[in-house]
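Single-letter residue listing:
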Amino acid sequence: MSAPHSHAGHEHHEPGHGHDHHGHDHHHPPLSSPPAGPRARPWRRMALAGVLALFGLATACLVQVRSGEATVITRFGNPGRVLLEPGLAWRLPIPFESAVPVDLRLHTTSSGLQDVGTRDGLRIIVQAYVAWQVQGDPDNVQRFMRAVQNQPDEAARQIRTFLGSALETSASGFDLANLVNTDANQVHIADFEEHVRQQIAGPLLSTYGVRVQQVGIERLTLPAVTLNATVERMRAERETIATERTAEGKRQAAQIRSAAERDARILQADATVKAADVEAQSRVEAAQIYGKAYASAPQLYNLLRSLDTLGSIVNAGTRLVLRTDAAPFRALVDGPPQLPAPAGNQP
């Protein structure tokens, strides 16, 4: 059935063969021009593909170094160059070379609660932290990669092991009173932290390429036994201080009392001397008065002397049984003697 259809088509075009030929000659130039376009397009595509390939190759060879990081260029898995300056750098494409970023920022790791012993045989529970970072130079960056395979968590685990050992070693060089004390001058926590830092700084730098920036004590507590011993020690210290202050107060009181007694004795001696002088002067004056009185009235003088004697030996509580006719009581019985009349009044 297909053959007649072809023949019919042939017969249909046969009468116009000349017309078709003329039309073919008329459209021949437009039909011969298109082959030039398809031959030119593959070269353009190949050039574009080449440019894209070169761009992809250049992109694959570029590596960006970020701030706060170091980039290690590994060749077939082995560390090679270390890039520290932020920016773009060149490397061979994978699988020849690979870029591995290493974090140079500061990290902190805690030791957890550690039961350690002090120099005086007491136990304490201490927790410390360490601030660390990978040393920013090629040797230590490569050392960090080889030691922990560039894994910060593994580095933190290793650092905790070093820190626990350093806490035990350092605590054995301090008494409990140097770590827990009510007197701030007796506490040496800063020295304890520095001692721990020195214990771990060298091994971590030489083994892992890690630089220890700081070590600090987060928590320090006392077990029950240590707490009781600490309370007893503080009580003994307080009692010792109280005893010393009491003794000092007594010593100062004795000095004050001694000085007061010395001053009192000096004042009393001065007063005694002055009293003796006054008494001696009064006696001199009294003797003079008595002398004048005796010269003028002997009997009155005897009466006054008798009264003075009675005043010195008799007081409100004195009980005496004496003869009244004896001196000096005779004056109380006889009364004043009769004074002789003046010679001028005699008849």
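The shown structure was predicted, so the numbers you read here are calculated from the model rather than taken from an experiment. (Residues numbered from 1 in each chain as written. Predicted model: local features only at pLDDT ≥ 70, side-chain atom pairs only at ≥ 80, totals over all residues. Heavy atoms only, no water.)

**Here we look at the overall build of the chain**
Right, so step 1: When its secondary structure is counted, the chain shows 10 helices and nine strands.
Right, so step 2: When each of the 347 residues of the chain is scored for burial, the buried share is 23%.
Right, so step 3: Summarising the internal contacts of the chain: among those between residues at least 6 apart in sequence, 63% fall at separations of at least 24.
Right, so step 4: Element-wise, carbon and sulfur atoms account for 58% of the exposed surface of the chain, whose accessible area totals about 24,100 Å². (Helix = DSSP H or I, 4+ residues; strand = E, 2+ residues; numbered from the N terminus. Buried < 20%, exposed > 50% of the residue type's maximum accessible area, 1.4 Å probe, protein only. Contact = heavy atoms within 4.5 Å. Areas by Shrake-Rupley, 256 points an atom, 1.4 Å probe, with all protein chains shown as cover.)

**What to know about a nonpolar patch on the surface**
Right, so step 1: A cluster of nonpolar residues, Leu300, Leu304 and Leu307, forms a patch on the protein surface that exposes about 250 Å² of accessible area.
Right, so step 2: Tracing the backbone shows Leu307 in helix α9 (residues 298-313).
Right, so step 3: With relative accessibility at 42%, the residue Leu307 sits in the partly exposed group. (Patch = residues over 30% accessible without salt bridge, like charges linked within 9 Å, V, L, I, M, F, W, Y side chains within 5 Å. Salt bridge = Lys/Arg side-chain N within 4 Å of Asp/Glu carboxyl O.)

**Looking at the side chain of Gln142**
Right, so step 1: Its location among the elements puts Gln142 in helix α5 (residues 138-148).
Right, so step 2: The residues touching Gln142, leaving out its near neighbours within four places in the chain, are Pro79, Gly80 and Val82.

**A closer look at helix α7 (residues 189-208)**
Right, so step 1: For α7, spanning 20 residues, the distance from its first C-alpha to its last is 27 Å, which sits close to the expected 28 Å at 1.5 Å a residue.
Right, so step 2: At Ile200, α7 shows its maximal bend, which comes to roughly 30°, and the proline Pro203 appears one to four places after that position.
Right, so step 3: Here α7 has its buried residues at Phe192, Glu193, Val196, Ile200, Ala201, Leu204 and Tyr208.
Right, so step 4: Packed against the buried residues of α7 are β8 (123-134), α5, α6 (152-171) and β9 (210-221).
Right, so step 5: With its phi angle positive at about 70°, Gly209 sits one or two positions after the end of α7. (Expected span 1.5 Å × (residues − 1). Bend = angle between axes of the 7 residues up to and from the residue.)

**A few points about the sheet that holds strand β5 (residues 97-103)**
Right, so step 1: Spatially, the three strands line up as an open sheet ordered β3-β2-β5, and their pairing is antiparallel. Only two strands of the sheet have a single neighbouring strand rather than two, namely β3 (78-83) and β5. Within this sheet the neighbouring strands show an average axis-to-axis angle of 35°, counted without direction.
Right, so step 2: Bridge analysis of strand β2 (residues 69-75) against β5 gives seven bridges, and the strand direction is antiparallel. (Pairing = 2+ DSSP bridges. Axes fitted to C-alpha atoms, helices over the stretch in contact; angles between N-to-C directions.)

**As for unusual backbone geometry**
A negative phi holds for most residues other than glycine; trans holds for most peptide bonds.
Right, so step 1: The phi dihedral of Gln149 falls on the positive side, at around 55°, and the residue is not glycine.
Right, so step 2: Along the chain, the position of Gln149 falls in the loop between α5 and α6.
Right, so step 3: Unlike most non-glycine residues, Asn150 shows phi in positive territory, near 60°.
Right, so step 4: The topology assignment puts Asn150 in the loop between α5 and α6.

**What to know about the packing of aromatic side chains**
Right, so step 1: Within the structure shown, the criterion is met by two aromatic pairs.
Right, so step 2: Where Phe162 meets Tyr208, the ring centres are 6.0 Å apart and the plane angle is 90°; that geometry is what we call edge-to-face. Taken together, the residues Phe162 in helix α6 and Tyr208 in helix α7 connect sequence positions 46 residues apart.
Right, so step 3: A relative accessible area of 27% places Phe162 in the partly exposed class. (Phe/Tyr/Trp six-rings, centres within 6.5 Å; stacked < 30°, edge-to-face > 60°.)

**Let's talk about the environment of Asp175**
Right, so step 1: Considering the arrangement of structural elements, one finds Asp175 in the loop between α6 and α7.
Right, so step 2: Classification of Asp175 as partly exposed rests on a relative accessible area of 25%.

**Describing the pattern of salt bridges**
Right, so step 1: The tally for this structure, following the rule as stated, stands at eight salt bridges.
Right, so step 2: One salt bridge connects Arg119 with Asp175, and the closest N-O pair in it is separated by 3.1 Å. Of this pair, Arg119 sits in the loop between β7 (114-117) and β8 while Asp175 sits in the loop between α6 and α7, and the two are 56 residues apart along the sequence.
Right, so step 3: Between Asp263 and Arg262 there is a salt bridge, and its shortest N-O distance comes to 3.9 Å.
Right, so step 4: With relative accessibility at 39%, the residue Asp263 sits in the partly exposed group.

**Notes on the confidence of the model for the chain**
Right, so step 1: Taken residue by residue, the chain gives an average pLDDT of 78. The fraction at 70 or more is 76%.
Right, so step 2: Ranking the helices and strands of the chain by mean pLDDT puts strand β6 (residues 107-110) first, with 96, and helix α1 (residues 2-13) last, with 39.
Right, so step 3: Segment residues 1-33 is flagged for pLDDT under 50; beyond a separation of four residues in sequence, or across chains, it makes one contact in the model. (pLDDT = per-residue confidence, 0-100.)

**Focus on the side chain of Asn178**
Right, so step 1: Topologically, Asn178 is positioned in the loop between α6 and α7.
Right, so step 2: Those residues within four positions of Asn178 in sequence are excluded, and the remaining contacts are Arg119, Gln186, Val187, His188 and Ile189.

**A look at α5**
Right, so step 1: When we look at burial in α5, the residues that qualify are Asn140, Val141, Gln142, Phe144, Met145 and Val148.
Right, so step 2: In the segment just after α5, Gln149 is the residue with positive phi, at about 55°.

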